[in-house]
Amino acid sequence: SSDLARQLAHKLGGQVLYLTAPLIANTPNEAVILRRQKSIELTLNASRKADILLLGIGNLDPKSSRYVQAALISAEQIKVLDKEGAVGDMGGLFYNIDGNLHPCSYNDRIIGLTMDEMKQIPNTIAVALGKKKVNAILGALRTGVIKILSTDLQTANSVLKLESQSRKSVRSPE
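Please read these numbers as outputs of a predicted model, since none were measured by experiment. (Residues numbered from 1 in each chain as written. Predicted model: local features only at pLDDT ≥ 70, side-chain atom pairs only at ≥ 80, totals over all residues. Heavy atoms only, no water.)

K.L.:
Give me the pairing of strand 4 (residues 123–127): which residues, what numbers.
P.N.:
Because side chains alternate across strand 4, one face comprises the buried residues Thr124 and Ala126, and the other comprises Asn123, Ile125 and Val127, none of which is buried. Sheet topology note: the strand 1 (residues 52–59)/strand 4 ladder contains five bridges and is parallel. Opposite Gly56, over in strand 4, you have Val127 as the bridge partner. As judged from the three bridges shared by strand 4 and strand 5 (residues 148–150), these two strands associate in the parallel manner. Along strand 5, the bridge assignment pairs Val127 with Ser150. Read from strand 4 through helix 8 (residues 134–142) to strand 5, the crossover connection turns out right-handed. (Buried < 20%, exposed > 50% of the residue type's maximum accessible area, 1.4 Å probe, protein only. Helix = DSSP H or I, 4+ residues; strand = E, 2+ residues; numbered from the N terminus. Pairing = 2+ DSSP bridges. Right-handed = clockwise from strand over helix to strand, strands pointing away.)

Dropping the structure here:
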């Protein structure tokens, strides 16, 4: 939230910049045009040089989706993303359990940093917890973006168990 960002910036002697743009453009072409707007371009360039990036990890539960709540994506569209293999979103970008970007038009329409740009920020902190977010957290960790995860013990153990199970299922028999 913006309050948390302000408090952290104050305590750490940093600065908060706000991106005054829609999260999702109507089309990929409109996203390109928006990203070229001077104020948006300046904010995105400053974000690329940040020392700390604070992220939330979202799952694809239509009941709690910020996209559905903001009427950016319908509950049905969220269900389709889930059926197609997306497990979560971070920084507005949808990804799968392997940590790869999910191939969908939403990722091309986001006004924000790319996964590769987020990976370049030295201190990337993600916050997420709860049983419903275990798949989303594992996928997010696998993107390579997150340096620090803030969660509770039960969620961390569930993520580790899922990671262990997925490693066992991809091993070939000896």
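K.L.:
Report on the nonpolar core, specifying residues and quantitative values.
P.N.:
Ile57, Leu81, Met90, Phe94, Tyr95 and Met118 are the most contacted members of the largest nonpolar core, which has 37 residues in total. Mapped by element, the contributors of at least two residues to this core are helix 3 (38–48), strand 1, helix 5 (75–84), strand 2 (86–90), strand 3 (93–96), helix 7 (115–119) and helix 8. With five residues, the top contributor of residues to this core is helix 8. (Core = buried A, V, L, I, M, F, W, Y, C linked by side-chain atoms within 4.5 Å.)

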